[in-house]
Amino acid sequence: QVQLVESGGGLVQAGGSLRLACAASGSVFGINAMGWYRQTPGKQREQVAVIHSAGGTSYVESVKGRFTISRDAAKNRVYLQMNSLKPEDTAVYYCAAETGPEKVYWGQGTQVTVSS
């Protein structure tokens with residue numbers, strides 16, 4: 001079992017920045033990749049950024065150049081630095097940890113609201 005706790009969401013004006021953090025605990029040695037997803041009402045959850053255990057990263061096209069995912073392996077933490085935020089980035093952001101095929105753990109989510 002892996003437990004994930006997100007923090008850092010909030011309200012920010014367009015063009016501003018926020019940094020999300022995700023703290024993992026439990027069976028962290030089995031984590032292959034961690035990522036950030038987001039969801040708005042009536043829409044499917046969207047993968048925003050992923051970082052693999054080897055360090056490789058990937059981003060959804062809409063956030064490339066604005067968001068950066070990073071990790072502190074010693075502290076079992078993953079971060080999402082979000083710059084140049086847009087109103088369309090408004091969503092509940094979820095941290096996720098993958099430990100195997102179709103085995104994903106989720107955090108409780110943190111609200112990010114970007115005002116225009």
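These figures come from a predicted structure and were not determined experimentally.

### Brief notes about the overall build of the protein
Point 1. For the protein, the count of helices and strands is zero helices and eleven strands.
Point 2. Going residue by residue from the N terminus, the α and β elements of the protein occur as β-β-β-β-β-β-β-β-β-β-β.
Point 3. The C-alpha atoms of the protein give a radius of gyration of 13 Å, which matches the 13 Å a tight globule of 116 residues would have.
Point 4. If you line up the protein on its principal axes, its C-alpha atoms span 40 × 25 × 25 Å.
Point 5. In the protein, which comprises 116 residues, the share counted as buried stands at 38%.
Point 6. Once local pairs closer than 6 in sequence are excluded, the contacts in the protein between residues at least 24 apart make up 51%.
Point 7. Accessible surface, the protein as shown: approximately 6200 Å² in total, 49% of it carbon and sulfur.

### Some words on the nonpolar core
Point 1. Leu4, Met34, Trp36, Phe67, Leu80, Met82 and Tyr93 are the most contacted members of the largest nonpolar core, which totals 27 residues.
Point 2. Counting residues per element, the ones that place at least two in this core are strand E1 (2–7), strand E3 (18–26), strand E4 (33–39), strand E5 (46–52), strand E7 (67–72), strand E8 (77–82), strand E9 (91–100) and strand E11 (110–115).
Point 3. Aside from chain neighbours lying at most four places away, what touches phenylalanine 67 is Arg38, Val48, Tyr59, Leu80, Gln81, Met82, Asn83, Leu85, Asp89 and Tyr93.

### Focus on the sheet that holds E8
Point 1. What the four strands build is an open sheet, ordered E1-E3-E8-E7; its pairing is antiparallel. Each edge of the open sheet is held by one strand with a lone partner, namely E1 and E7. Sheet twist, expressed as the mean angle between neighbouring strand axes with direction ignored, is 20 degrees.
Point 2. Sheet analysis places E7 next to E8, joined by six bridges and oriented antiparallel. The partner of aspartate 72 across the bridge, within E8, is arginine 77.

### Focus on unusual backbone geometry
Point 1. You will see that serine 84, though not glycine, has its phi angle at about 50 degrees, which is positive.
Point 2. Tracing the backbone through its elements, the reader meets serine 84 in the loop between E8 and E9.
Point 3. A positive phi is found at glutamate 102, a non-glycine position, where the angle reads about 60 degrees.
Point 4. Positionally, glutamate 102 belongs in the loop between E9 and strand E10 (103–106).

### Describing the environment of asparagine 83
Point 1. Counting through the fold element by element, asparagine 83 comes out in the loop between E8 and E9.
Point 2. The class for asparagine 83 is partly exposed, based on a relative accessible area of 29%.
Point 3. Aside from chain neighbours lying at most four places away, what touches asparagine 83 is Gly16, Ser17, Arg66 and Phe67.

What counts as what
- Residues numbered from 1 in each chain as written.
- Predicted model: local features only at pLDDT ≥ 70, side-chain atom pairs only at ≥ 80, totals over all residues.
- Heavy atoms only, no water.
- Helix = DSSP H or I, 4+ residues; strand = E, 2+ residues; numbered from the N terminus.
- Rg over C-alpha atoms; globule rule 2.2 N^0.38 Å.
- Buried < 20%, exposed > 50% of the residue type's maximum accessible area, 1.4 Å probe, protein only.
- Contact = heavy atoms within 4.5 Å.
- Areas by Shrake-Rupley, 256 points an atom, 1.4 Å probe, with all protein chains shown as cover.
- Core = buried A, V, L, I, M, F, W, Y, C linked by side-chain atoms within 4.5 Å.
- Pairing = 2+ DSSP bridges.
- Axes fitted to C-alpha atoms, helices over the stretch in contact; angles between N-to-C directions.

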